[in-house]
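So the chains spell out like this:
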2 protein chains.
Amino acid sequence: MILCDIGNTNATFCDNGKISSMSIKDFKAYKATQNVYFICVNDELKPHLKSQIFFIDLENFFTLDTSYQGLGIDRIASCYSVKNGVVVDAGSAITIDVMQNSKHLGGYILPGISAMLKAYEGISPRLKLPINSQISLDFLPQKTADAISYGIIKPIITLLNETASDKNVYFTGGDGQFLSRFFKNGVYDRMLAFRSMQNLIKQKGIK
Amino acid sequence: MILCDIGNTNATFCDNGKISSMSIKDFKAYKATQNVYFICVNDELKPHLKSQIFFIDLENFFTLDTSYQGLGIDRIASCYSVKNGVVVDAGSAITIDVMQNSKHLGGYILPGISAMLKAYEGISPRLKLPINSQISLDFLPQKTADAISYGIIKPIITLLNETASDKNVYFTGGDGQFLSRFFKNGVYDRMLAFRSMQNLIKQKGIK
């Protein structure tokens, strides 16, 4: 069974547990030869997907107990299989959602790491610097390169600690593994949305 | 006496306590008819400023006890008059610097509020939304517009609380007043850098 999670930057496939990724540009030229069960947050691609046979949109099958208006299908899918915990999907954007007894309590959105680097670059050429993945969050930075890496990572981790309190934190998405390293008791789960899609297909008997 | 703080987006003047601002584009056409004592972080403008009589660069007169390599002159000027406290200059970028017994302990840089809004917009058209200045930071957001406003303001305030501990926090810069509202015991001081410039000119007898 082929599953596909279509975002703003990449489309990520899960083909019997094997995960691969392609750019949206390449994805537009991709031709499916068997059923592809997908979720898609990229509005621009929706007409294209509707015109393709073999592409089956799972969006309307998902249900989630929430008061949040307009929760993206990517966030719904990531939360769907989490009974209790904080779900962090770190891609183009970083979404943080809180689940309690299978109810979605709300959530917030941060720019993803590469969007943050671009934001610094847009402010001044002096701030066009790569991220230092070894940055220590325990000491105040002593140079601009560290001041930026600290400025990207430390606010995320500090706020996540406050949001999570004693809940488990599940990281997914392209930068999920990287961010989970800064978080004590953080769990990285590349399959979070795909597992929800698998469960949904089984539960609802989607064909 | 005319003072001028030249940033990446605007040049801000202080003319005998009266503060005014102009865009960098307008500033390039501005002709001084009396001495203008300035600091400038905008590298592109430096040759232009050097060619102007009446423009007096204060940068080399400032001294600050710090281990930080390459601290911008805007941050040096804002910290110069603060003996103990956290200095938050919220402009195109938001710089956070910690002073203790007139020693600079280090600091970090966040993108400014308008750079953050642009970063969201660049990720997806769905995230092109204005900031909700009335956002509550005490409840998890229940819609995307609030998820973004919360995502901009809450990480700044949460990390600032951790950085400041029991120190005073001095806000300055274009968004300083707005941010200070979310911070208990936050002090907004539009004149922070200008007061340092005034003190420096007096102390060193600059003419």
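The structure we're discussing is the one just above.
Definitions and limits used
- Residues numbered from 1 in each chain as written.
- Chains lettered and ligands numbered in written order.
- Predicted model: local features only at pLDDT ≥ 70, side-chain atom pairs only at ≥ 80, totals over all residues.
- Heavy atoms only, no water.
- Pairing = 2+ DSSP bridges.
- Helix = DSSP H or I, 4+ residues; strand = E, 2+ residues; numbered from the N terminus.
- Axes fitted to C-alpha atoms, helices over the stretch in contact; angles between N-to-C directions.
- Contact = heavy atoms within 4.5 Å.

S.K.: Before we go on, may I ask you to explain the sheet that holds strand E11 (residues 186-188) of chain A in this structure?
M.R.: Note on sheets: strands pair through backbone hydrogen bonds, and any given pair is parallel or antiparallel. Residue and element names in this part refer to chain A. Ordered in space as E6-E9-E8-E7-E10-E11, the six strands form an open sheet in which the pairing is mixed. In this open sheet, the two edge strands, each paired with only one partner strand, are strand E6 (65-66) and E11. Pairing of strand E7 (residues 85-90) with strand E10 (residues 169-172) involves four bridges; the strand directions are parallel. Within E10, the position partnered with Val 88 by the bridge is Phe 171.

S.K.: I keep staring at the sheet that holds strand E4 (residues 36-40) of chain A and nothing clicks. Help me out?
M.R.: Residues and elements named next belong to chain A. Within the open sheet, the five strands sit side by side as E3-E2-E1-E4-E5. Their pairing is mixed. Each having just a single partner strand, strand E3 (18-23) and strand E5 (55-57) make up the two edges of the open sheet. Taken pair by pair, the neighbouring strands of this sheet meet at an average axis angle of 25°, ignoring direction. Inspection of the sheet shows strand E1 (residues 2-6) paired to strand E2 (residues 10-15) by five bridges, in the antiparallel sense. Bridge pairing in E2 links Asp 5 to Thr 12. Against the sheet, helix H7 (residues 192-204) contacts E1, E2, E3 and E4, and its axis sits at roughly 130° relative to E1.

Keep in mind these values describe shape, not function.
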